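One-letter residues, chain by chain:
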Amino acid sequence: MKFSSIVRRKAYLLGVILLATSGVGGSRPAPTAGKGVAYEDLVSLFAQWRAFQRPKIVEGVPDYRAMAMAAQQRELASYRQRLAAIDPSGWSIPQQVDYHIVRAEMNGLDFDHRVRKPWANNPAFYVTVFSEESDQPAREGPFAEGAVELWSFSFPLTMEDAGKIAAGLHAIPGLLAQAKTNLTGDGRDLWIFGAQSIRQQSAELRELGSKLGGASAGLKADVERARQATDDFAAWLDSRAPSKRGQSGVGIENYNWYLKNVQLVPYTWQEEVALMERELARSQALLAMEELRNVRLPPQLPITSAAEYAEGMNAGVTQYMAFLREHEILTIRDWMDGALRARIGQFTPGPLEFFSEVDYRDPEIMRTHGYHWFDKGWMAHDPHPNPIRRGALLYNIFNTRTEGHATGWEELMMQAGMFDARPRSRELVYILVAERAARALGELKMQSNELTLEEASSFACSHTPRGWLSMKGQLVRSEQHLYLQQPGYGTSYLIGKIEIEKLLDERRQQLGDRFTMKRFMDEFNAAGLIPA
């Protein structure tokens, strides 16, 4: 990047920071009218756009048929023209940022119609039953309308909740029947691993059926119909799998367009490869130095019992929250402690998947990555006053902010001294960085069609220290499957980390002696879950 471009970009970012976060400290800035076309016109267009981008519902089923998608693509052009007719140059910087967020969302749907076409290429798009809560503002990856979020219901079900679940299940047979006509893609990896996701939905439905107990016969019948339709769809996918021979990545040119115009990332595929290779080498080299420094210390052994797990995880939350308070790192809200404790989960005796290898050795480290639950807490308890930033942005374009910050927070808290009393935990932080870099390179090479999903998974495993990411586990392939479906997601952890570190540096230079981490983080949280 030329020096003049760097200067212009720094000036723009500093303006974004100053204007987007002015007046925070618990409150968030309200938009003011711009010159020419009013900012309120953008807000109105945004509401119309959000309604438009959802598929039409025909006889209770979202319509992804070829004619419906062609009609949506044609009409999308008018929305993009309406946005292009708005000149935001006289608006405040936060309002201009909002303009580009809306532009990015529209570009996301355009990319789906031109390139990704998940309704035609990706069987996993038709999964609509989920038993676990996503830690993101919206579920990761592309999915059809009509998700049934089972985790959000308590059992035994009330009549009202039973009705909500039944309403979601009613659409499944029709949606999967439609999918058999819609799916025309030849991408082998998307097809094979998508079929596995469909079979997982069948398992979720079977588990749901076992929990219904005294629920109505009607709901039980709905569950069984949905499960049978899911099994039939999985068999249909399997029967056609041998004929699928195509590549599943979007290609470098399309990937670059997506980074620039949807993810709002200032790098190309080639630059991201270089950055991820650098992060992989950096983390491996620093891990080696940490291991050298700690060579005379006893090994850090994992938790081995449910009692030890409960005690350790709760202590991890307590210690983490105390560290944030004592070092005045950010403003603490009364719901934050509970948000972390609610996600402690249950002890699993093994074999351990990658993140459990880390978590079971130091329960405090992954609580830092649990900043995701703070992000979701802000959305629930203190929603942004601006409707454009209030909910989850489409196409996961929040991921450089959410995944990037949570990943960067691990290393920032280490550098702030959180693990000084446990030097071996510094090794774990670098292992985490290495795993993120390795799987990011896997994504980049899948999207360029240089590696298959299986090869990308093998690469990630072989470049993750200590063999903790194993091809025998379920994690590595599920991660790479997500990154194949959602371009830019696998790289977002470290790309976002890099961008947020730059943001912190620029804000520190701007404020000088007035800089504090608490001020930065309060401003950062107040800006909302927008691209880093």
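Here the structure is shown first, and the text comes after it.
The paragraphs below set out a description of the structure included in this document. (Residues numbered from 1 in each chain as written. Predicted model: local features only at pLDDT ≥ 70, side-chain atom pairs only at ≥ 80, totals over all residues. Heavy atoms only, no water.)

## Observations concerning the overall build of the protein chain
Helix and strand counts for the protein chain come out as 22 helices and four strands. Relative to the globule expectation of 24 Å for 532 residues, the C-alpha radius of gyration of the protein chain, 24 Å, shows essentially globular dimensions. A principal-axis box enclosing the C-alpha atoms of the protein chain has dimensions of 65 × 60 × 50 Å. Every one of the 532 residues in the protein chain was classed for burial, and the buried ones make up 54%. (Helix = DSSP H or I, 4+ residues; strand = E, 2+ residues; numbered from the N terminus. Rg over C-alpha atoms; globule rule 2.2 N^0.38 Å. Buried < 20%, exposed > 50% of the residue type's maximum accessible area, 1.4 Å probe, protein only.)

## Observations concerning helix α7 (residues 188-211)
Between the first and last C-alpha of α7 there are 35 Å, a value that for 24 residues agrees with the 34 Å anticipated at 1.5 Å per step. Turning to α7, its buried residues are D189, L190, W191, F193, G194, A195, I198, Q201, S202, E204, L205 and L208. Buried residues in α7 make contact with α5 (118-121), β3 (129-130), α6 (159-182), α8 (217-240), α19 (453-462) and α20 (475-485). A positive backbone phi angle near 55° is found at G213, which sits one or two residues after α7. (Expected span 1.5 Å × (residues − 1). Contact = heavy atoms within 4.5 Å.)

## Some remarks on the packing of aromatic side chains
Under the definition given, this model contains 26 aromatic pairs. Look at Y126 and F233: their rings are 6.4 Å apart centre to centre, the planes differ by 85°, and that puts the pair in the edge-to-face class. Taken together, the residues span a long stretch of sequence, with Y126 in the loop between α5 and β3 and F233 in helix α8 at a distance of 107 residues. Taken individually, Y126 and F233 each receive the classification buried, so the pair is uniform in this respect. Judged by centre distance (5.5 Å) and plane angle (65°), the ring pair of Y371 and W409 falls under edge-to-face. (Phe/Tyr/Trp six-rings, centres within 6.5 Å; stacked < 30°, edge-to-face > 60°.)

## Regarding the packing of helix α18 (residues 424-447) against α20
Contact geometry for α18 and α20: axes closest at 9 Å, N-to-C directions at 45°. Taken as axis vectors, α18 and α20 run oblique relative to one another. Where α18 crosses over α20, the two elements pack in a sense that is right-handed. Residues E435, R439, G442, E443, M446 and Q447 of α18 form the contact with α20, whose own contacting residues are E479, Q480, Y483 and L484. (Axes fitted to C-alpha atoms, helices over the stretch in contact; angles between N-to-C directions. Parallel < 35°, antiparallel > 145°, perpendicular 65-115°, else oblique. Left-handed = near helix turned anticlockwise from the far one by under 90°.)

## Some thoughts on the nonpolar core
Generally speaking, a soluble globular protein has its nonpolar side chains buried in company with each other. Judged by nonpolar contacts, the single largest core of 100 residues is most densely connected at W49, Y320, L324 and F374. With twelve residues, the top contributor of residues to this core is α18. Counting 40 residues, the second largest nonpolar core, distinct from the first, contains V127, L150, A179 and L205. (Core = buried A, V, L, I, M, F, W, Y, C linked by side-chain atoms within 4.5 Å.)

## Topic: the pattern of salt bridges
A side chain of one charge can pair with a side chain of the opposite charge if their charged atoms are brought near each other. Counted by the stated rule, this structure contains 39 salt bridges. Between D110 and R80 there is a salt bridge, with the nearest N and O atoms lying 3.2 Å from each other. Taken together, the residues span a long stretch of sequence, with D110 in helix α4 (residues 93-116) and R80 in helix α3 (residues 66-84) at a distance of 30 residues. For D110, a relative accessible area of 9% corresponds to the buried category. Residues R361 and E357 are paired through a salt bridge, measuring 2.7 Å at the closest nitrogen-oxygen approach. No difference in accessibility class separates R361 from E357, as the two residues are buried. One network of salt bridges, with partners in common, ties together E279, R282, E411, K497 and E501. (Salt bridge = Lys/Arg side-chain N within 4 Å of Asp/Glu carboxyl O.)

The values are spatial; any link to function lies outside them.
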